[in-house]
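# Overview (structure and organization)
Listed below, chain by chain, are the residues.
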Amino acid sequence: MDLGILAQQVFNGVMLGVIYAMIAVGFSLFFGVLDVIKFSHGDVVTVGAFSSLGAVGIAGGLVALPPLLALGAGIAAAVAIGGLVGSLIGRFLILPLRQAPAVNLLLATLMAGTVLREAIRLGVPNGGNPKPFPALLPAGSIRIGSFSVGYDSIIILCAGLALVLATHLLISRSRMGLAIRAVAQDGEVARLAGVDFQRVVLGTFALGSALAAFAGCMLGLYYREINFNMGVLLGVIGFASAVVGGLGSLLGPIIGGFLFAGVQTLVVVVLPFSSAYKDVIAFAAVIVLIGLFPTGLIAERQSERV
Amino acid sequence: MFTKRQVLFLLSSAVLFGDWVASPATAKDTVKIAFIGPLSGGNSAPGLGGRNSAALAVQQRNANANAKYSYELVTYDDECKPNVGIQVATKAASDSSIIAGVTHYCSAVGIATVDTYARFGLPVVVWGAILPEITYGNDYKEIHRVNGTMINEGKLAAEFLTKQGYTKFVMIHDTTDYGKGQFKYFSEYLKPAGGEILATFPVGPDQQDFTAELTKIKELKPDVIMVGGLTPLGVRLRSQMDRVGVQAQFAGVSGIMTAGYIEGAGAAVEGTISFHNGAPLSKYAEGQAFMDAYTKAGFREDPDAYGPFAYSAANLIMDAIEKVGPDRKKVKTELNGTKGYKALVGEINFDDHRQNIMSANVYVAQSGKWVYWPESDYAAGKKKLAKD
Amino acid sequence: MSSFPTSAPSLSFMMRLQRFPRAVAAITVLVLLGGGALLIHSDSQVKVLGMLAAFLLVFALADRSAAGREIAAICGDYSRFSNALAMIAAVAIAIIFSGEHYTLLMLSTVALFATACIGLNIQLAFAGIVNFAGAAFFVIGSYTAGVLTSFPGLPTIAILAIGGLVTGALGLVLLLPVLRTRGHYAALVTMAFGLLLRTFLEVNDTLGGPQGMKIKGFSIFGIDFSRTNSIGPWDVSFYFPYAILSIVLFALAFTFASRLESSWIGVALDAVRSDETAASVFGLSIVRWKAVAFLLGNAIIGVAGAVYGMMNGFVTPNGAGLGESLLLLSIVVLGGLGNMWGAIVAAGIIIVLPEKLQAIQEYRLLIFAMLVLCILLFRPLGILPRPIRDFSRISDGREEGL
């Protein structure tokens, strides 16, 4: 295969990996802090995408904005609304149900995701249709031989990587991050040490959801289209990446995200016919990996009181 | 204090009594007709256009004092999914107060539901699905169609595109029966017209990311990318083509000739070619009257490419009911023999498979609208197509 | 612990109830089923809302009042009688509505979904295995029926059995990951499987691709159910034989599951679910019981799916999605984890109500999701919580106000 085309496929894969990683990091954060899987996370991506679309639309309607400012407005809206939604769900749904059996919590968050999705579909005018997303990033592309990648893709990739790095720095270097890690390790003792449990938990939720909402905005910019269903598959892929990589750690979900995207890209490059099998094989790989490593590649340290 | 059982007894008798008392008194008999189409999702633009047009026809008929019956349009959303389509088709067909149906825009749904209508004996007139097998693939006397099929759209596509000088084609089609049918008929007519299909890519109708396929297509350097799918597929392909750096003429048949395509893909749609079995409204004798009445009725959505067909189908059914009464079997027999019926879209003649024969026309997306080719700037040479 | 009766009439009412337990059970069953039938049958929204209100009232009263609890307890005591009567009543209802297509279709759908939920209950409520691929296994059953009915020689009962076997066998693919994981990891594995199956079916053309596959009807002794338009001198809907079949199937699954629950296998499953470590200390093989529950549950789901496919005449990959699996799980949780009758009630609510209340059609998913959320927040045991094994009522010494 032509090297340029190959490079292009690899680039696509890396970009998808970053997006999956951003969503997976959220899952891992929530799990670390509360031992819960918040399944509405995938739909927070959709919320972020639609929020940014709405903000850009409204702001652009009021005042003619240069694309960069419009982009800023969109991102700000996405992050703010996404974070808010995430912490609201945490406050009213997950904190009360903390002690319930895992199935109930899973189901509850899945239903919360459905509520978000349906609210978008019903609330946005013509919400059932796919919506075009404005092209706010500079057009044009780099062409080296047959390798062509748009400036927008490069920007998205760099932004994603930067955010993941920033989250890592936040968790490992800042005071807030210290509090999060304390709560993740042992909630009770953290409380004894003076950490405000509720605030830290809700803050974590806001952080993870803001990341997901940003990913949604990026997806809109990349595909130039958003629809109310986009979060469903992403949520599952994000969850799968987080679990395969190892819940509770920060590196695990990132590895998981790139792994999933890697398998998808491999399938696309290697198989001559339709690329639609990429999901089939990627999920099969997930099942196999979980069978081999039941607690993830970076294993969760688990102890159980008998 | 009442015991639980007493309360329950009272409640149930109240309900039953209420039911008995509330039987409605009838004035002019109301006859129900079903309308089924995609009212939500990526294909809702043509679906709603069809529904509005059928509703307009019913409105006009009800305003006509000479009509023997008063009509009610019962609408169902098939979401362009075969399983939902069969569910609503079953619902409509098993409701004995519904006499006939104006059905389906999505071919994938249309072909899936033919058995259901035959099973329940509901006569239907298809208004938008173009898969030939819907009428030609069976011998059900219940299924009729007023719009044309992809046979002539595909033929015209092959002939027109090769006449423009394009020889190398790549086809992307969805894996539903619609997409597969498109591939079959287009490739059948392309060879004798002198074109060559370099590669075909079957994709799932819901697939989002086409960078993989488009990257491969880029390698092949075709003249034309022919899409065998509906609006969502067309929108996604067109938007992602530019980013991957594929330069080719984009074309498809009437599945993408919708307002949804233009809205979805934005500025990139300029120059897309489509083929449709209907003429522009201005060419119909009553086209202007229809458009005026439609605007006056205040519908939010445009009639879109197939609205006039839904309108004609509804009128065809209502005329049949006026003639033979609200009886499914009689309406079916009456519809079977339709010859020389004057409708908005021209004269309707059903052949031995209850299919109306139509001819196709070329359209091009120009300045945010679908324009009839002979009237377009491209035909006049003022604008150029890709790779001309 | 007994509490003094608060008023004399209540005491004598209770004694009257206890004197005619069978009559009480019979009346309760008939009233409930009759109400349900009316609900399915009515086509005016006012009537539907009225029936809904009546049902809510009944359930609220059953919970709160001592008389209500006593009636429920009596039905529980005479469960074999009540269940048999319920089945006969259901068949009678089907006969009464034998000409109405849509009513029978809904009746059958409710029964079949409830049957699938019995399978899910065995996995979840008994053995504690979370299965997010219920709809995928349901669809596997349908596809198996589709493939097998195209071979003219096979007897249809065999097709059902093979459908169950194939579904169970395909579940083996997941068995290892499911056994080795717990909680959300198991959820992920089954979710991934469901998505994998659905994508595969859509993408691969051998089983019809996104168009799905047509399935021939159920036929037994030469009578093709899908073509039966009359039985003797009466005109019936062709859904009628399917309705009877679905009720029979549900009854069989119900009997099987309750026998399972009250047997030592059921106790073993409960032990494994509650505390694996303790159970294994007592010598129970965790692996064996979980595997048995998982495979059995899937087989039941597969059989229900096969009948559903044959009744509808087609199956598409869309039916195997995550949303559909969630629907099944919601029916289980809503109805009450482990309670079979709860499954019917919840299936009725979730499947029938949106069809009847046209006004909420658009919002049905939203309302449904919020309903499940409310149940999970405020009444996590479901509408009809699973009755705890209570052997205290077997003896004659009954206690008031328990």
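Not measured: the values here are computed from a predicted model. (Residues numbered from 1 in each chain as written. Chains lettered and ligands numbered in written order. Predicted model: local features only at pLDDT ≥ 70, side-chain atom pairs only at ≥ 80, totals over all residues. Heavy atoms only, no water.)

## Considering the state of the cysteines
Residues and elements named next belong to chain B. Our working definition: By definition, disulfides here are pairs of cysteine sulfur atoms that lie within 2.5 Å. Secondary structure elements follow DSSP: runs of H or I of four or more residues count as helices, runs of E of two or more count as strands, with numbering from the N terminus.
Enumeration over the complete set of coordinates arrives at one disulfide over all chains. The disulfide partner of cysteine 80 is cysteine 106, and the S-S distance across this bridge is 2.0 Å. Sign of the S-S torsion, about -110° for the bond between cysteine 80 and cysteine 106, identifies this disulfide as left-handed. Of this pair, cysteine 80 sits in the loop between β2 (70–77) and α3 (82–94) while cysteine 106 is found in the loop between β3 (98–103) and α4 (107–120), placing the two residues 26 residues apart along the sequence.

## A closer look at helix α4 (residues 66–77) of chain C
Defined as follows: Given the number of residues in a helix, its expected span is that number minus one, multiplied by 1.5 Å. Exposure is judged per residue with a 1.4 Å probe applied to protein chains only, and the accessible area is read against the type maximum: over 50% gives exposed, under 20% gives buried, and values in between give partly exposed.
End to end, α4 of chain C covers 16 Å across twelve residues, agreeing with the expected 16 Å (1.5 Å per residue, within 8%). Listed in full, the buried residues belonging to α4 of chain C are Gly68, Glu70, Ile71, Ala73, Ile74 and Cys75 of chain C.

## Thoughts on helix α9 (residues 230–245) of chain A
All names here are of chain A. Taking 1.5 Å per residue, 16 residues should reach 22 Å; α9 reaches 23 Å between its end C-alpha atoms and fits that length. Within α9, 14 of the 16 residues are buried, leaving the element largely enclosed by the surrounding structure. Taken from the residues just after α9, glycine 246 is the one with a positive phi, measuring 125°.

## Here's the deal with the sheet that holds strand β6 (residues 168–174) of chain B
Residue and element names in this part refer to chain B. Counted only if it meets this: Two strands are said to pair when DSSP picks up at least two bridges between them. To obtain an axis, a line is fitted to C-alpha atoms, over the contacting stretch when the element is a helix, and the angle between two such axes runs from 0 to 180 degrees between their N-to-C directions. In what follows, a contact means two residues having at least one pair of non-hydrogen atoms within 4.5 Å.
On the basis of which strands lie adjacent, the open sheet formed by seven strands has the order β7-β6-β8-β9-β10-β13-β14 and mixed pairing. With partners counted over all chains shown, the strands left at the sheet margins are β7 (196–203) and β14 (369–372), one partner each. Going across the sheet, the axis of each strand differs from the next one's by a mean of 25°, ignoring polarity. Looking at chain direction, strand β8 (residues 224–228) and strand β9 (residues 249–253) are connected through four bridges and run parallel. If you follow methionine 226 over to β9, its bridge partner there is alanine 251. In the packing of helix α7 (residues 177–193) onto the sheet, the strands contacted are β6, β7, β8 and β9, and the crossing angle to β6 comes to about 160°.

## Regarding the domain arrangement of chain C
Residue and element names in this part refer to chain C. Rules: For the domains described, the bounds stem from an automatic or database domain assignment. As used here, buried area is the combined drop in accessible area, with a 1.4 Å probe, of two parts when they are placed together.
In terms of domains, chain C is made up of domain 1 (1–77) and domain 2 (100–395). Computed over C-alpha atoms only, the centres of domain 1 and domain 2 are separated by 28 Å. Between domain 1 and domain 2, the contact holds 13 residues from the first and 14 residues from the second. Each partner contributes to the roughly 1,200 Å² buried at the junction of domain 1 and domain 2, and carbon and sulfur atoms together form 64% of this total. For domain 1, the biggest contributors to the area lost against domain 2 are Ile40, Gln45 and Phe59; these three give 44% of the whole.

## A word on the nonpolar core
Here is the rule we go by: Nonpolar cores were defined as sets of buried Ala, Val, Leu, Ile, Met, Phe, Trp, Tyr and Cys residues, with membership established by side-chain atoms within 4.5 Å.
Judged by nonpolar contacts, the single largest core of 329 residues is most densely connected at Leu161, Phe186, Leu214, Ile225, Ile273 and Phe275 of chain B together with Phe132 of chain C. Looking at this core element by element, the count peaks at 17 residues for helix α1 (residues 3–34) of chain A. In this structure phenylalanine 275 of chain B touches Glu153, Leu156, Ala157, Phe160, Leu161, Gly252, Val253, Ser254, Asn361 and Val362 of chain B, once residues within four positions along its chain are discounted. By size, the runner-up hydrophobic cluster in this structure holds six residues, among which are Val48, Phe55, Leu353 and Leu357 of chain C.

## Re the side chain of threonine 272 of chain B
Residues and elements named next belong to chain B. Spelled out, the test is: We call two N or O atoms a polar contact when they sit within 3.5 Å, provided that within protein one can donate a hydrogen and the other can accept it, with sequence-adjacent residues counted only if both atoms are side-chain atoms.
Note on placement: threonine 272 falls in the loop between α10 (259–265) and β10 (273–276). You can call threonine 272 buried: its relative accessible area is 1%. Among the polar contacts made by the side chain of threonine 272, one reaches the side chain of tyrosine 261 at a distance of 2.9 Å. Non-local contacts of threonine 272, meaning those with residues more than four positions away in its chain, are made with Arg238, Gln249, Phe250, Ile256, Tyr261, Tyr363, Val364, Ala365 and Trp370.

## Thoughts on the interface of chain C and chain A
To be explicit about the condition: Here a salt bridge means any side-chain nitrogen of Lys or Arg lying within 4 Å of a carboxyl oxygen belonging to Asp or Glu.
Taken together, the 39 residues of chain C in the interface contact 43 residues of chain A. If you look at where chain C meets chain A, you find zero salt bridges. Between the two partners, chain C and chain A, sit one residue pair in polar contact (both at pLDDT 80 or more). For the side of chain C that touches chain A, the secondary-structure elements that each account for two or more residues are α8 (156–180), α9 (184–203), α14 (322–335) and α16 (364–378) of chain C.

## Describing the sheet that holds strand β5 (residues 143–145) of chain B
Sheet strands pair by backbone hydrogen bonding; their relative direction is either parallel or antiparallel. All names here are of chain B. Here five strands make up an open sheet; going across it, the order is β2-β1-β3-β4-β5 and the pairing parallel. Sheet topology places β2 and β5 at the edges, where each strand pairs with a single neighbour. Each neighbouring strand pair of the sheet contributes to a mean axis angle of 25°, computed without reference to strand direction. Relative to β2, strand β1 (residues 30–37) runs parallel, the two sharing eight bridges. By the bridge assignment for β2, alanine 34 is matched with valine 74.

## Describing the packing of aromatic side chains
Between two aromatic rings, the relevant description is the distance of the centres plus the angle of the planes. Filter applied, for reference: Here the aromatic set is Phe, Tyr and Trp, taking the six-membered ring for Trp, and pairing holds for ring centres within 6.5 Å; pairs whose planes are under 30 degrees apart are stacked, those over 60 apart are edge-to-face, and all others are tilted.
Inspection of the entire model under this criterion finds 32 aromatic pairs over all chains. The interplanar angle of 65° and the centroid separation of 5.9 Å between the aromatic rings of phenylalanine 27 of chain A and phenylalanine 39 of chain A together place this pair among those described as edge-to-face. Within this pair, whereas phenylalanine 27 of chain A is found in helix α1, its partner phenylalanine 39 of chain A is found in the loop between α1 and α2 (41–62), the two being separated by twelve residues in sequence. Using a relative accessible area of 0% as the deciding quantity, one classes phenylalanine 27 of chain A as buried. By relative accessible area, phenylalanine 39 of chain A is classed as buried at 4%. An angle of 10° between the planes, with centres 6.5 Å apart, marks the rings of phenylalanine 250 of chain B and tyrosine 261 of chain B as stacked. In this pair, phenylalanine 250 of chain B is assigned in strand β9 and tyrosine 261 of chain B in helix α10, connecting sequence segments eleven residues apart.

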